[in-house]
Amino acid sequence: MPEEFELGSLQHAIGEARAGWSASLTSMLQMEPEDRRIRLGANVDQTDLAALREQPAPDVVQLASLAILDPAARERHDAVELARRIITTTGELQDLTAKVVNTRIISAPLWWWQVDWRSRFGLDAVTPVRDQGPCGSCVAFGTIAALESMLIVERQITLELSEAELLNCGGGSCGGWWPTSAVSYLASRGVAQANCFPYQPMNMACNPCPRRDEEAIKITASTVTFDVAQRKQYLAWVGPMTAVFAVYDDFFGYTGGVYTHVTGALAGYHCVEVIGYNDLGGYWICKNSWGTGWGEAGFFCIAYGQCEIDSTFPFWGVSGTEFWK
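As the structure is a prediction and not an experimental result, all values here were calculated from the model. All residue numbers here refer to positions counted from 1 along the written sequence of the relevant chain. With the structure being a predicted model, the display of local features is reserved for residues of pLDDT at least 70 and the display and counting of side-chain atom pairs for 80 or more, all residues being used for whole-chain, interface and lining totals. As a convention, hydrogens and water are excluded, and side-chain values are obtained from all of the structure's heavy atoms.

Student: Account for the pattern of salt bridges, naming residues and giving values.
Tutor: We count a salt bridge whenever a side-chain nitrogen from Lys or Arg sits within 4 Å of a carboxyl oxygen from Asp or Glu. Taken as a whole, this structure holds twelve salt bridges when the rule is applied. Its salt-bridge partner being Glu165, residue Arg212 comes within 2.7 Å of it at the nearest N-O pair. In this pair, Arg212 sits in helix H10 (residues 212–215) while Glu165 sits in helix H8 (residues 163–169), placing the two residues 47 residues apart along the sequence. Categorising residues by exposure relies on relative accessible area from a 1.4 Å probe, with only protein chains included: less than 20% of the type maximum marks a residue as buried, more than 50% marks it as exposed, and the intermediate range marks it as partly exposed. The class of Glu165 is buried, set by a relative accessible area of 1%. The network of salt bridges with common partners includes Arg130, Glu148, Glu160 and Glu163. Strands here are runs of E lasting at least two residues and helices are runs of H or I lasting at least four, both read from the DSSP assignment and numbered beginning at the N terminus.

Student: I'd like a description of the environment of Arg155, backed by residues and values.
Tutor: If you trace the backbone, Arg155 turns up in helix H7 (residues 138–155). Owing to a relative accessible area of 38%, Arg155 belongs among the partly exposed residues under this scheme. Separated by 166 residues in sequence, Arg155 and Thr321 place their C-alpha atoms 8.0 Å apart. Contacts are residue-level and defined by heavy atoms, with any inter-residue pair within 4.5 Å sufficient. Beyond its immediate sequence surroundings of up to four residues, Arg155 is in contact with Met150, Thr321 and Glu322.

Student: Tell me about the confidence of the model for the protein, and please be specific about residues and values.
Tutor: A score between 0 and 100, pLDDT records how confident the predictor is in each residue. Of the residues in the protein, 84% have a pLDDT of 70 or more, and the chain-wide mean is 88. Throughout residues 68–77 the model reports pLDDT below 50, and contacts reaching past four residues in sequence, or to other chains, amount to nine contacts.

Student: Kindly report on the packing of aromatic side chains, identifying the contributing residues and their values.
Tutor: Aromatic pairs are defined between Phe, Tyr and Trp rings, using the six-membered ring for Trp, whenever the two ring centres lie within 6.5 Å; interplanar angles under 30 degrees are classed as stacked, those over 60 as edge-to-face, and all others as tilted. In total, this model carries 23 aromatic pairs according to the counting rule given. Aromatic side chains Tyr277 and Trp284 sit 6.4 Å apart centroid to centroid with 75 degrees between the ring planes, which places their arrangement in the edge-to-face category. Residue Tyr277 shares its accessibility class with Trp284, and that shared class is buried. Site record: aromatic cluster; members linked through ring pairs are Trp21, Phe245, Phe251, Phe252, Tyr254, Tyr259, Trp290, Trp294 and Phe300. Two thresholds decide whether a charge sits over a ring: the Lys NZ or Arg CZ must be within 6 Å of the ring centre and within 35 degrees of the ring normal. Its guanidinium or amino end placed over the ring of Trp324, Arg212 lies 5.7 Å from that ring's centre, counting from NZ or CZ. Over the aromatic face of Tyr277 sits the side chain of Lys232, whose NZ or CZ is 5.9 Å from the ring centroid.

Student: I'd like a description of helix H11 (residues 228–237), backed by residues and values.
Tutor: With seven of ten residues buried, H11 is to be regarded as a mostly interior element. Listed in full, the buried residues belonging to H11 are Gln230, Arg231, Lys232, Tyr234, Leu235, Ala236 and Trp237. Polar contact is the term for a pair of N or O atoms within 3.5 Å; when the atoms are in protein, one must be able to donate a hydrogen and the other to accept it, and sequence-neighboring residues count only if both atoms are side-chain atoms. Of the residues flanking the start of H11, the one acting as N-cap is Asp227, its side-chain oxygen 3.1 Å from the backbone nitrogen of Ala229.

Printed below as a string of structure tokens:
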């Protein structure tokens, strides 16, 4: 059990580093170290990672043209050209923000420097925080979270989808998994709703309910991007994404602010949903799957360039949501 000594040492390290985040005795920090590590589960696939780096960059403009306009608007406008103008203008404004932020000229809220899908285009497109429990199923949770968000963005439908099916039928396990495999399953088979195959934090036989195909949700498009600017474009104009990053022991005590690694050993790798970013603060906004007793009620902010989140690993996007039948 950690306790005052461990927590006190962490808080001291944060203070010494003048880091912009706080720590306390979270639900994760109250566990034994091995129990915390079980709740990670992104197994890095170096072969796939290398292959993904060789793929051509995605056409975010084309994806945005499908996402930002309703069908009636598409009939009135050249959707691709409109999306291109919007993204180009936004990129120019973001460059301007980067140049003036240190001068403190900006004092008023500016729409282009922050995206948060908990409040975007009049939508709350982020479903509630869940708890994966003592199972390395974070890839299933991070991928399902992005799919649920895209259902809201694209179809204004809110559903709770089955992490259990994705994990146990898609080739994953409590020993860990990799997002590319999870995304491939969503494209080939889709996924049932949660009450058709309820989640338990253990390896289970693949056994969805009989009505599975009638209510399952699939994707018809997926995206992988390593480029930071493209990630922001996708987040701004398409929707939330899935990410992998390195977790160090200090992260388990996070309760707020913008996380930067200050102390502790590498615990493993983790998968989460990225729901936005903030250019003035220099961070990604993420939804975790450790319940609401950790972080900012289950959410966190992590600084750009930290823990390999936007360097070693890409972001994955899923879109083109449809019912299986």
